[in-house]
Amino acid sequence: MALTVNTDRLGLATLRRLPVECRPLLRPGTVPAGIVHLGLGAFHRAHQAMHTEAAVAAAGGDWGIIGVAPRSAAVVEALAAQDALFSVTALSAEGAASRVVGALAGVRHAAGDPAAVVRLLADPAIRVVTLTVTEKAYQLDPVTGTLRADPELTADLTTDRPPRTVPGLLVRGLLARAAADAGPIALVSCDNLPANGRRLRGLVGQCLTLARVPDETADRVARQVTFPGTMVDRIVPASTPETLATARRVLGVADLAAVAAEPYSQWVIEDDFPGGRPAWERAGAVLTGDAGPWERLKLRALNGVHSATAYLGALAGAEIVAETLALPQLTTVLRRLVAEDVTPSFTPPPGVSVPAYGEEVLTRFGNPAIRHRTLQIATDGSQKLPQRVLHTMADLRAAGRPAHWCALVVAAWLRFLLGHADDGRPLPLDDPLADRLRDALAAGRDTPAGVVDALFAVREVFPAELAADDEVRADVTGWLTALQRHGVRATLAGAR
């Protein structure tokens, strides 16, 4: 029976129909795989995949990417039907520019065939593993950095069942790799975690201990694996029907795996790759010996401001970030957050002005073509706020400085947790600690001070030193009182 080729869908058969400027730099199938990526979401496709394709196009190398979706099969099915091709559309006020990306050498669904992923991780051809699985998939307490008590992870590490968690996949793969003497490999976290490389190293070490791996085997794994730290930056909203419609209009064919992003993209990478790496510097990446200052810059001056915008915007009834920035006095408050709280909290990379970086962030957030939903950014607050805001507060307080504007962000999150916007519309609570947070709210929601007392006792979120800081508690309580009594707009108008 003859195969039917879909001539209206992106794929190898339709590449010639694309506008020349939209065609991929690499043709899938022509570059052997050297990278496995865990977390085949929109951000990876718009960021690491594009940087890697450009690096291989510029300098060569066997660095095709096998993209692995840990849970959802939908993206795997969409990409498989398109010969692993997808488009990224850069959106700005000037218009849309789409380009098809050919960096993927294949796709896999971990939940459907975890053993195949373990075999991939043990393949000598694979020398780099990158991850964009979001904070919660690491199974680490955001405050202490220790493994959470999770039955699935425990079963992954102590039984012979197929692994179901990301740490379980990694450790099973590393053990299989050590057994096969498959050579060195770099595990590269590209998630918004503080010291993400060191955290991933600690995660693997804790998992090996939990799995009761013999010391000799654990040492062999440690000698063969590095954990470069990174900082990644690009605003990539969740794809919508409008995303797919824009891609179709520009490409002339349908792309059911299309993503959209802002034009800006940055990647800072610690250069520690024992098995080699793509020439990412040829694609604009910054290779460094220490990504820490860059990471803190982004977490505090971009991600922290993003969370502030999301919670205040959602409470005020704003659907997207650009709309939120139009709230009277909000940009003034965000500038003061950056200048008065973020700037004195850390030492930035050499030559970088934190207030100037903050201004660039506000310009990017104001891009009217990027419809980044406030409710999307507001998810998983218990995992995000420690890295984005609470570490800034802790460093300020340790130096004897106030954390007044960070306290507003915390208060906005607490007000968001109460479950309704200023106009009474319900707000969803999408958070891995949702039940724990609801229980805390039930214990203390009669007054703003009660809410603060109850939530500050959630040690998975708030470190002991902040929970015991009377000045911080008073500041957060004051802001929460204003938000509850007067709403976002009036609180911003009277912010001092």
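The preceding data block contains the structure.
Rules and cut-offs
Residues numbered from 1 in each chain as written. Predicted model: local features only at pLDDT ≥ 70, side-chain atom pairs only at ≥ 80, totals over all residues. Heavy atoms only, no water. Buried < 20%, exposed > 50% of the residue type's maximum accessible area, 1.4 Å probe, protein only. Helix = DSSP H or I, 4+ residues; strand = E, 2+ residues; numbered from the N terminus. Expected span 1.5 Å × (residues − 1). Pairing = 2+ DSSP bridges. Contact = heavy atoms within 4.5 Å. Axes fitted to C-alpha atoms, helices over the stretch in contact; angles between N-to-C directions. Salt bridge = Lys/Arg side-chain N within 4 Å of Asp/Glu carboxyl O. Phe/Tyr/Trp six-rings, centres within 6.5 Å; stacked < 30°, edge-to-face > 60°. Polar contact = N/O pair within 3.5 Å; in protein donor to acceptor, adjacent residues only side chain to side chain. Parallel < 35°, antiparallel > 145°, perpendicular 65-115°, else oblique. Left-handed = near helix turned anticlockwise from the far one by under 90°. Nonpolar A, V, L, I, M, F, W, Y, C, P; charged D, E, K, R; others polar.

K.L.:
In this structure, what is going on with unusual backbone geometry? I would like to understand it.
P.N.:
Leaving glycine out, the prevailing phi sign among residues is negative, and the prevailing peptide bond configuration is trans. The backbone of Gln139 sits at a positive phi, close to 60 degrees, despite the residue not being glycine. Look at Gln139 and you get buried, because its relative accessible area is 12%. Despite not being glycine, Arg212 shows a phi value in the positive range, around 55 degrees. Tracing the sequence through the fold places Arg212 in the loop between helix 7 (196-210) and helix 8 (215-224).

K.L.:
Would you mind going over helix 2 (residues 48-59) with me for this structure?
P.N.:
Quick reminder: α-helices carry 3.6 residues per turn. Residues three or four places apart thus point the same way. The terminal C-alpha atoms of helix 2, which comprises 12 residues, lie 16 Å apart, in line with the 16 Å expected from a rise of 1.5 Å per residue. Taken as a whole, helix 2 has its buried residues at Gln48, Ala49, Met50, His51, Thr52, Glu53, Ala55 and Val56. Count one or two residues on from helix 2 and you reach Gly60, which has phi positive near 80 degrees.

K.L.:
Quick question: what am I supposed to make of the sheet that holds strand 7 (residues 185-189) here?
P.N.:
As a general point, the strands of a sheet are linked pairwise by backbone hydrogen bonds and lie either parallel or antiparallel. An order of 5-2-1-6-7-8 is seen for the six strands of this open sheet, with the pairing classed as parallel. In this open sheet, the two edge strands, each paired with only one partner strand, are strand 5 (104-109) and strand 8 (225-226). Pairing between strand 7 and strand 8: two bridges, direction parallel. By the bridge assignment, Ala186 is partnered in strand 8 with Thr226. The strands touched by helix 6 (residues 166-180) within the sheet are strand 1 (33-38), strand 6 (128-131), strand 7 and strand 8, with strand 7 carrying the most contacts at an inclination of about 170 degrees.

K.L.:
Any chance you could explain the pattern of salt bridges here in plain terms?
P.N.:
Oppositely charged side chains can form a pair if their charged atoms are brought close together. Under the defined criterion, the tally for this structure stands at 19 salt bridges. The salt bridge involving Glu152 is made with Arg71; its shortest N-O contact spans 3.4 Å. Of this pair, Glu152 sits in helix 5 (residues 151-158) while Arg71 sits in the loop between strand 2 (64-69) and helix 3 (74-80), and the two are 81 residues apart along the sequence. In this structure, Arg415 and Asp422 form a salt bridge, with 3.5 Å as the shortest nitrogen-oxygen distance. Accessibility expressed as a relative area gives 4% for Arg415, which makes it buried.

K.L.:
Sorry if this is basic, but what is going on with the side chain of His306 here?
P.N.:
With respect to the element layout, His306 can be found in helix 10 (residues 292-316). By relative accessible area, which is 8% here, His306 ends up buried. With residues up to four places along the chain from it excluded, the contact list for His306 reads Val321, Phe365, His372 and Ile377.

K.L.:
Help me out: how do you make sense of the side chain of Asp475 in this one?
P.N.:
If you trace the backbone, Asp475 turns up in helix 20 (residues 470-493). When sequence neighbours within four positions are dropped, the list of residues in contact with Asp475 reads Ala403, His404 and Ala407.

K.L.:
Can you walk me through the packing of aromatic side chains in this structure?
P.N.:
Scanning the entire structure with this criterion turns up six aromatic pairs. Judged by centre distance (5.7 Å) and plane angle (40 degrees), the ring pair of Trp405 and Trp479 falls under tilted. Here Trp405 is found in helix 16 (residues 404-417), whereas its partner Trp479 is found in helix 20, with 74 residues between them in sequence. Taken individually, Trp405 and Trp479 each receive the classification buried, so the pair is uniform in this respect. Both rings, one in Trp413 and one in Phe462, keep their centres 6.3 Å apart while their planes meet at 45 degrees; by these two values the pair is tilted. Of the two residues, Trp413 is situated in helix 16 and Phe462 in the loop between helix 18 (448-456) and helix 19 (464-467); the sequence distance between them amounts to 49 residues. A residue is classified by how much of its surface remains accessible, and Trp413, at 1% relative accessible area, is buried. Through a chain of ring-to-ring contacts, three or more aromatic side chains come together here, namely Trp267, Phe273 and Trp280.

K.L.:
Which parts of the structure should I look at to understand helix 10?
P.N.:
With 25 residues, helix 10 extends 34 Å between its outermost C-alpha atoms, agreeing within 8% with the 36 Å of an ideal straight helix rising 1.5 Å per residue. In terms of residue burial, helix 10 counts as a mostly covered element, since 24 of its 25 residues are buried. Residue Gly317 follows helix 10 closely and has a positive phi angle near 90 degrees.

K.L.:
Just to check I follow, could you spell out the environment of Ala339 for this structure?
P.N.:
If you trace the backbone, Ala339 turns up in helix 12 (residues 330-342). Its relative accessible area of 40% is what places Ala339 among the partly exposed residues. Linking Ala339 and Val354, residues 15 residues apart in sequence, is a C-alpha distance of 7.6 Å.

K.L.:
Sorry if this is basic, but what is going on with the environment of Ser87 here?
P.N.:
Following the sequence through the fold, Ser87 ends up in strand 3 (residues 86-92). Distance from Ser87 to Gly102, taken between C-alpha atoms, is 9.0 Å for residues 15 residues apart in sequence. Sequence-distant contacts of Ser87, defined by excluding residues within four places in its chain, comprise Leu10, Arg99, Val100, Ala247, Leu251, Asp255, Ala257, Ala258 and Val259. One polar contact links Ser87 to Asp255, side chain to side chain, over a distance of 2.6 Å.

K.L.:
Sorry if this is basic, but what is going on with the packing of helix 16 against helix 20 here?
P.N.:
Two packed helices can be described by the angle between their axes and the distance between those axes. Viewed as axis vectors pointing N to C, helix 16 and helix 20 meet at an angle of 50 degrees, and their least axial separation amounts to 8 Å. Taken as axis vectors, helix 16 and helix 20 run oblique relative to one another. Here helix 16 runs over helix 20; the crossing is right-handed. Residues His404, Trp405, Ala407, Leu408, Val410, Ala411, Ala412, Leu414 and Arg415 of helix 16 pack against Asp475, Val476, Trp479, Leu480, Leu483 and Gln484 of helix 20. The residue inventory of the contact of helix 16 with helix 20, partitioned by class, reads 11 nonpolar, two polar and two charged.

K.L.:
Help me out: how do you make sense of the environment of Val75 in this one?
P.N.:
Structurally, Val75 can be placed in helix 3. Judged by relative accessible area, Val75 falls into the buried class, the value being 16%. Each C-alpha atom of the pair Val75 and Leu492 lies 41 Å from the other, and the pair is 417 residues apart in sequence. Residue contacts for Val75: discarding those within four places in its chain leaves Leu40, Arg45 and Ala69.

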